[in-house]
Amino acid sequence: GSAALHLAQAEDGKGLDDFQKVYNAIAEKLRDEDEFDGYIGYGPNLVRLSWHVSGTFDKNDNSGGSFGGTYRFKKEADDPANKGLQNAARFLEPIAKKFPWISHGDLYTLAGVTALQEMQGPKIPWRPGRVDADEKDAPENGRLPDASKDGNYVRHYFGRFGFSDQEIVALLGAHCLGKTHLENSGYEGPWGAATNTFTNEFFVNLLNENWKLEKNDAGNEQYNSNKGYMMLPTDYGLIQDGKFKKYVEKYAKDQDAFFEDFKSAYVKLLENGIDFSKLGKAYVFKTLDEQDS
Ligand code: ZEM
């Protein structure tokens, strides 16, 4: 099909300075509440939220995606695949109260951008203009991916967004952040050591650790290394498939290339299904550190 794109409509009279204020409120709260999840903090959980609100997109009928902010409805929040994201949602509640003019889709995506930049990731150009949709527009459950599958499944899954092999590998580098939690997903453990700094560590570990396929306490198979790191079967799929593996090798060697390609693919993920052509340039926000100096 060729359903029309959603037309972005920026919040009335709001500009870079207003959105930088929202950015700062999120960034300051991230800095203040650093004890969450064993001192990982909320950053990774916010990045995962930004991906899950966008990951419901289907290019065939332009349904789902970040535009309508429909994660705020119970139907979407209660998708079993969204377990654990209540933390990010609760984190954002006071921000939404303080800035009642921002749409939910803009808030969820801006929170992901803020978290990535504050965790020393690349600058992510961001555009406002998502508009709250009705509950009837919330996508059905089941559009988020199944971690027990292989590389071919991952390629097919991301085909729904129109992503290339290179974009898929770059996006999955976000698994340098945070960890899996048995009570959320039935997997357990972090992908690496620096769980709240954005780096190319995911790719380095994927290639260099000694991985063993083991059953965890929930009865699911995951790859474990003797350093206490893990990989989901879908992550491991990226080195079982030659077309994916060449990008894993590239990003393990070249963090700048990873940052550049991640930035483009992540912006595309957040903007899927939206026509921003009536708006001006994307905003690039300053980190808290840059504003201090
Ligand atoms: Zn994830 N992801 N993800 N992901 N993800 C988890 C956690 C995080 C998959 C997946 O099943 C899981 C992308 C793609 C895919 C993050 C970012 C991004 C967890 C653990 C699972 C099971 C959840 C838990 O137990 O709390 C699969 C199958 C994917 C595609 C094939 C993309 C794309 C991402 C961003 C660009 C992040 C940051 C986390 C860590 C969350 C946290 O709370 O620590």
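Residues numbered from 1 in each chain as written. Predicted model: local features only at pLDDT ≥ 70, side-chain atom pairs only at ≥ 80, totals over all residues. Heavy atoms only, no water.

1. Focus on the nonpolar core
Stage number 1. The biggest cluster of nonpolar side chains holds 81 residues, and the ones touching the most others in it are Ile26, Leu46, Leu92, Phe158, Phe202, Phe262 and Tyr266.
Stage number 2. Ranked by residues supplied to this core, first place goes to helix α13 (residues 255-271) with 9 residues.
Stage number 3. The residue makeup of this core includes at least three contributed by each of domain 1 (6-143 + 265-292) and domain 2 (151-259).
Stage number 4. Not counting residues up to four positions away in its chain, the partners in contact with Tyr266 are Ser50, Thr109, Gly112, Val113, Leu116, Ile124 and Leu171. (Core = buried A, V, L, I, M, F, W, Y, C linked by side-chain atoms within 4.5 Å. Buried < 20%, exposed > 50% of the residue type's maximum accessible area, 1.4 Å probe, protein only. Helix = DSSP H or I, 4+ residues; strand = E, 2+ residues; numbered from the N terminus. Domains from an automatic or database assignment. Contact = heavy atoms within 4.5 Å.)

2. Here's the deal with the site of the ligand
Stage number 1. The local shell around the ligand holds 21 residues, among which Asn45, His175, His181, Asn184 and Ser185 are the closest.
Stage number 2. At 2.9 Å, a side-chain N or O of His175 approaches a nitrogen atom of the ligand.
Stage number 3. Separating an oxygen atom of the ligand from a side-chain N or O atom of Ser185 is a distance of 2.6 Å.
Stage number 4. Comparing atom positions with the cavity grids shows the ligand to sit within the largest pocket.
Stage number 5. Sorting elements by how many residues they give to the shell around the ligand places helix α3 (residues 43-54) first, with 4 residues.
Stage number 6. Residue-level mapping places the shell around the ligand at the junction of two domains, with at least three residues from each of domain 1 (6-143 + 265-292) and domain 2 (151-259). (Near = heavy atom within 4 Å. Polar contact = N/O pair within 3.5 Å; in protein donor to acceptor, adjacent residues only side chain to side chain. 1 Å grid on protein atoms, 1.4 Å probe; cavity = no way out; pocket = protein on both sides within 12 Å on 5 of 7 lines; lining within 4 Å. Sits in = over half its atoms within 2 Å of the grid points.)

3. Here's the deal with the sheet that holds strand β6 (residues 230-231)
Stage number 1. Across the sheet, 3 strands lie side by side as β4-β5-β6; this open sheet has antiparallel pairing. In this open sheet, the two edge strands, each paired with only one partner strand, are β4 (212-215) and β6.
Stage number 2. The sheet strands contacting helix α11 (residues 233-240) are β5 (221-224) and β6, and the helix crosses β5 at an angle near 60 degrees. (Pairing = 2+ DSSP bridges. Axes fitted to C-alpha atoms, helices over the stretch in contact; angles between N-to-C directions.)

4. As for the coordination of the zinc atom of the ligand
Stage number 1. In this structure the zinc atom of the ligand is ligated by exactly one protein donor, His175 (NE2), at 2.2 Å.
Stage number 2. Inspection of the secondary structure assignment puts His175 in the loop between α8 (165-172) and β2 (179-180). (Donors = N, O, S within 2.8 Å, 3.2 Å for Na, K, Ca; no water.)

5. Some details on the layout of surface pockets
Stage number 1. In this structure, the largest pocket occupies an estimated 880 Å³ of space.
Stage number 2. Lining the largest pocket we find 39 residues, and of these Arg48, Trp51, His52, His175 and Trp191 sit closest to its centre.
Stage number 3. Among the elements of the structure, α3, α7 (151-159), α8, β2, α9 (182-185), α11 and α13 are those that each provide at least two residues to the lining of the largest pocket.
Stage number 4. Element by element, the count of residues in the lining of the largest pocket is highest for α3, at 6 residues.
Stage number 5. Here the lining of the largest pocket is composed, by residue class, of 23 nonpolar, 10 polar and 6 charged.
Stage number 6. Volume-wise, the second largest pocket comes out at about 370 Å³.
Stage number 7. What lines the second largest pocket is a set of 18 residues, among which Leu30, Arg31, Glu118, Met119 and Asn196 lie closest to the centre.
Stage number 8. Those elements giving two or more residues to the lining of the second largest pocket turn out to be α1 (16-32), α3 and α14 (288-292). (Points joined across faces, edges and corners; volume = space filled by probe spheres on them. Nonpolar A, V, L, I, M, F, W, Y, C, P; charged D, E, K, R; others polar.)

Any functional reading would require information beyond the geometric quantities listed.
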